[in-house]
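Structural characterization, general
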Amino acid sequence: MSVEIYDTTLRDGSQQVGLDLTVTDKLRVATALDALGVDVIEGGWPGSNPKDAEFFARAKDLPWQHAMMAAFGATRRPNRPADDDADLRTLLDAGTPIVTLVGKSWTLHVDEALRTSRAENLAMVADSVRFFRREGRRVVFDAEHFFDGYAADQGYALAVLVAAAESGADTLALCDTNGGTLPDDITSIVRAVTAAFPAVRLGVHCHNDSACAVANSLVAVGAGATHVQGAANGYGERCGNADLFAIVAGLELKRDHQLLPPGRLGSLAVTARQIAEIANLPFEPRQPYVGSSAFATKAGLHASAIARRPDAYSHVDPASVGNRAHVLVSELAGRSNVLAKAAELGLDLSGETAAAVLDEVKAAEHRGYAFEAADASFELLVRRVAGTSPSWFELEGYRVVIEKSEVGDQRVVAVGEGVGPVHAIDEALRKALAELYPELASIHLVDYKVRILDGRAATKAVTRVMLTSADHDGEWTTVGVSDDIVTASWEALAEGISYGLLRARARALVPAVA
Ligand SMILES: [Zn+2]
């Protein structure tokens, strides 16, 4: 049986603090996951909020390429027939081919949370599964708190699974709802349960409270599970759900499972970034496989070795997941590091230019600049030294609400108003340049970080601004340093825009004159 990938970003994942998706956002996330090739997309809990009901109504008419939709809900209420349960009706009305029912499998929760008899809980599971089977729906049964329940009362936890399977659930997902189970216990329990239920698809749903969600999912598959639930980028409440992307990459690249349609693994990184963007959450650079630093090496003395044999310094080929390797530029690095970095950017430097770049980098880092995370500023620096830097505009100066720029042979004075001085400058700069450079409309700020550096490297405290900008197919970071925050921000903003224009006009270095 091949391993089925079940995504719960839109239901469990969206429990994350700060993650708030509109119905349109949810449809965009689902579209991205479908394009990636996940098998099942759990769209939400229609009984819990009208937004999720609307999602399913709109999702019905969309042309999904690969994924099947699942709607999520709980088993019927105690002491009431399934037919009279309004929540089950709402779940049915979502019209999805798959219904995922969550039920209690830990006696503590039956006794204390549900406050009903253990026999009644078994009946609730059986009746609810039968209700949806009669309507021709495929039923996935999520056994909530299964691993804790199994530890507390193995016989009862298994009886819950029997009730679901005998009533027609074709998939039993064992949930580590509190996220506290460790991989060795997952392995032994999944192995035992798989042996006890040879006729059904067995899966896991892991949370990351012990930092083991991905590991637990991987060992579960090793122990016989053929259904894995997870969320994009590991989103989820508390410490998150299992990161679906790391699971997929691990199983495909290291365990020879084919989970996505052939060729799709290469779009993993872009999908991860796209979803972070829709979710309006900063994309974690250290995220395994897909993060911008996942294959970044602060090279130092090893730079030339990395340039020669990149495979010696990374666990998989970054291209296999659509990522790329980076060599980080640092004060400690030598000329070979600068050359390797320049080659990565597609710039062929002479030894003399590389030495000049290195001098500039060292001087700038002494003043408080940091290029390790500011690739775009590094590239602009290299281009300036090498004399290949297009000049989009020159900044003449600014006042906090008024900014002047020199654009080509035109002189532009623009006024911006924003929620703060930095926003105001961004607005003003955009206004000043909008006519000449319409591409600016697709460039936006995604992150802005300020640090005050003490006098360790510089003679007095300075402010360093790191600013991340993005367009439709990527993002880049620039850096500005000054003894005041506005000037530092101004520099980072101007470089961010210059670099964005460089990307946009990579093939036409001469700007069209308006
Ligand atoms: Zn969960």
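Residues numbered from 1 in each chain as written. Predicted model: local features only at pLDDT ≥ 70, side-chain atom pairs only at ≥ 80, totals over all residues. Heavy atoms only, no water.

Things to note about the nonpolar core
Rules: Put simply, buried Ala, Val, Leu, Ile, Met, Phe, Trp, Tyr and Cys residues joined by side-chain atoms within 4.5 Å make one nonpolar core. Buried means the residue's accessible area, taken with a 1.4 Å probe over protein chains only, is under 20% of the maximum for its type, while exposed means over 50%, and partly exposed covers the values in between. Every residue pair with non-hydrogen atoms within 4.5 Å of one another is taken to be in contact.
Residues F141, F146 and V190 are the most contacted members of the largest nonpolar core, which totals 89 residues. With sequence-adjacent residues up to four places away left out, F146 is seen in contact with S105, A157, L158, L161, L174, C175, I189 and V193. With 25 residues, the next largest nonpolar core counts F393, L433, A488 and W490 among its residues.

What to know about empty space enclosed by the protein
Rules: Detection works on a 1 Å grid of protein atoms alone, calling trapped sets that fit a 1.4 Å probe cavities and calling open sets with protein on both sides within 12 Å along at least five of seven lines pockets, with lining residues defined by an atom within 4 Å of a point. Grid points are joined across faces, edges and corners, and a volume is the space filled by probe spheres set on the points. A run of H or I in DSSP becomes a helix once it reaches four residues, and a run of E becomes a strand once it reaches two; helices and strands are each numbered from the N terminus. Under the grouping applied here, Gly and all other residues not named as nonpolar or charged are polar, the nonpolar ones being Ala, Val, Leu, Ile, Met, Phe, Trp, Tyr, Cys and Pro and the charged ones Asp, Glu, Lys and Arg.
This structure, assessed with the given rule, holds one cavity of 30 Å³ or more. Volume-wise, the largest cavity comes out at about 30 Å³. Looking at the largest cavity, the residues that line it are D426, R430, I443, H444, L445, L467, S469, L493 and I497. Within the residue set of the lining of the largest cavity, elements represented by two or more residues are α16 (421-433), β14 (444-453), β15 (462-471) and α17 (485-504). By residue class, the composition of the lining of the largest cavity is five nonpolar, two polar and two charged.

Quick notes on the side chain of T9
Within the secondary structure, T9 sits in the loop between β1 (4-7) and α1 (23-36). When near neighbours in sequence (up to four residues on either side) are disregarded, T9 contacts S14, V29, L33, G230, A231, A232 and Y235.

Some thoughts on the coordination of the zinc ion
Going by this rule: Coordination here is defined by N, O and S atoms within 2.8 Å of the metal (3.2 Å for Na, K and Ca), and since water is not considered, a site can look incomplete.
On the protein side, the zinc ion has D12 (OD), H205 (NE2) and H207 (NE2) as donor atoms, found 1.9 to 2.2 Å from it. Mapped onto the polypeptide sequence, the residues donating to the zinc ion form the spacing pattern D-x192-H-x1-H. Residue D12 is located in the loop between β1 and α1, and its partner H205 is located in strand β7 (residues 201-206); the two are separated by 193 residues in the primary sequence. Under the relative-accessibility criterion, D12 is labelled buried at 6%. Overall, the relative accessible area of 4% leaves H205 in the buried class.

What to know about the packing of aromatic side chains
Definition in use: When the centres of two rings from Phe, Tyr and Trp lie within 6.5 Å, Trp using its six-membered ring, the rings pair. Their planes under 30 degrees apart give stacked, over 60 give edge-to-face, and anything left gives tilted. Counting as a charge over the ring demands two things of the Lys NZ or Arg CZ atom: a distance within 6 Å of the ring centre and an angle within 35 degrees of the ring normal.
By the definition in use, this model includes eight aromatic pairs. For the ring pair Y369 and F371, a centre distance of 6.2 Å and an interplane angle of 10 degrees mean the geometry is stacked. Judged by its relative accessible area of 12%, Y369 falls in the buried class. Relative to F378, the ring of F371 lies with its centre 6.4 Å away and its plane at 65 degrees, an arrangement referred to as edge-to-face. Under the relative-accessibility criterion, F371 is labelled buried at 3%. On the basis of relative accessible area, F378 is assigned to the buried category, the value being 0%. Each residue in the set F146, F147 and Y150 is aromatic and connected to the rest through ring pairs, giving one cluster. Looking at R11, its charged tip hangs above the ring of F72, at a distance of 3.5 Å from the centre. The aromatic ring of F55 is capped on one face by K26, whose charged end is 5.6 Å from the ring centroid.

Here we look at the layout of surface pockets
Rolled over the atoms, a probe as big as a water molecule pinpoints where empty space is left. As a volume, the largest pocket reaches approximately 1,500 Å³. Every residue lining the largest pocket is counted, 46 residues in all, and those nearest its centre are S292, T468, E475, W476 and T477. Elements represented by at least two residues in the lining of the largest pocket include exactly α11 (268-279), β10 (326-328), α15 (375-386), β14, β15, β16 (474-482) and α17. Counting residues per element, the lining of the largest pocket draws most heavily on β14, at eight residues. Split into classes, the residues belonging to the lining of the largest pocket amount to 20 nonpolar, eleven polar and 15 charged. Volume-wise, the second largest pocket comes out at about 690 Å³. Around the second largest pocket sit 39 residues that line it, and R11, W45, F72, V102 and E144 are the ones nearest its centre. A breakdown of the residues in the lining of the second largest pocket according to their chemical character gives 13 nonpolar, eleven polar and 15 charged.

Observations regarding the packing of α1 against α11
So the rule is basically this: A fitted line through C-alpha atoms represents every axis, and for helices the fit uses only the stretch in contact; the resulting angles, taken between N-to-C directions, go from 0 to 180 degrees. Oblique is the label for every angle not falling under 35 degrees (roughly parallel), over 145 degrees (roughly antiparallel), or within 65 to 115 degrees (roughly perpendicular).
In the contact formed by α1 and α11, the axes pass within 10 Å of each other and the chain directions differ by 175 degrees. One finds that α1 runs roughly antiparallel with respect to α11. Every residue of α11 that contacts α1 at D25, R28, V29, A32, L33 and L36 is listed here: L268, T271, Q274, I275 and I278. In terms of residue class, the contact of α1 with α11 is made up of seven nonpolar, two polar and two charged.

Things to note about the environment of L493
Structurally, L493 is set in helix α17. A relative accessible area of 2% places L493 in the buried class. For the pair L493 and V422, spaced 71 residues apart in sequence, the C-alpha to C-alpha distance is 8.7 Å. Setting aside anything within four residues of it in sequence, one finds L493 in contact with V422, I425, D426, L429, L445 and L467.

Quick word on the sheet that holds β15
Selection criterion: Between any two strands, pairing holds if DSSP finds at least two bridges.
What the three strands build is an open sheet, ordered β14-β15-β16; its pairing is antiparallel. Each edge of the sheet is formed by a strand with only one pairing partner; in this case those strands are β14 and β16. On average, each strand axis in the sheet is tilted by 15 degrees relative to the strand beside it, whichever way the strands run. Looking at chain direction, β14 and β15 are connected through nine bridges and run antiparallel.

Quick word on the sheet that holds strand β2 (residues 40-44)
Pairing is parallel in the closed barrel, where eight strands are placed in the order β1-β2-β3-β4-β5-β6-β7-β8. Averaged over all adjacent pairs, the angle separating strand axes in this sheet is 25 degrees, with direction ignored. Bridge analysis of β2 against strand β3 (residues 68-74) gives four bridges, and the strand direction is parallel. Looking at the pairing, V40 lines up with M68 of β3.

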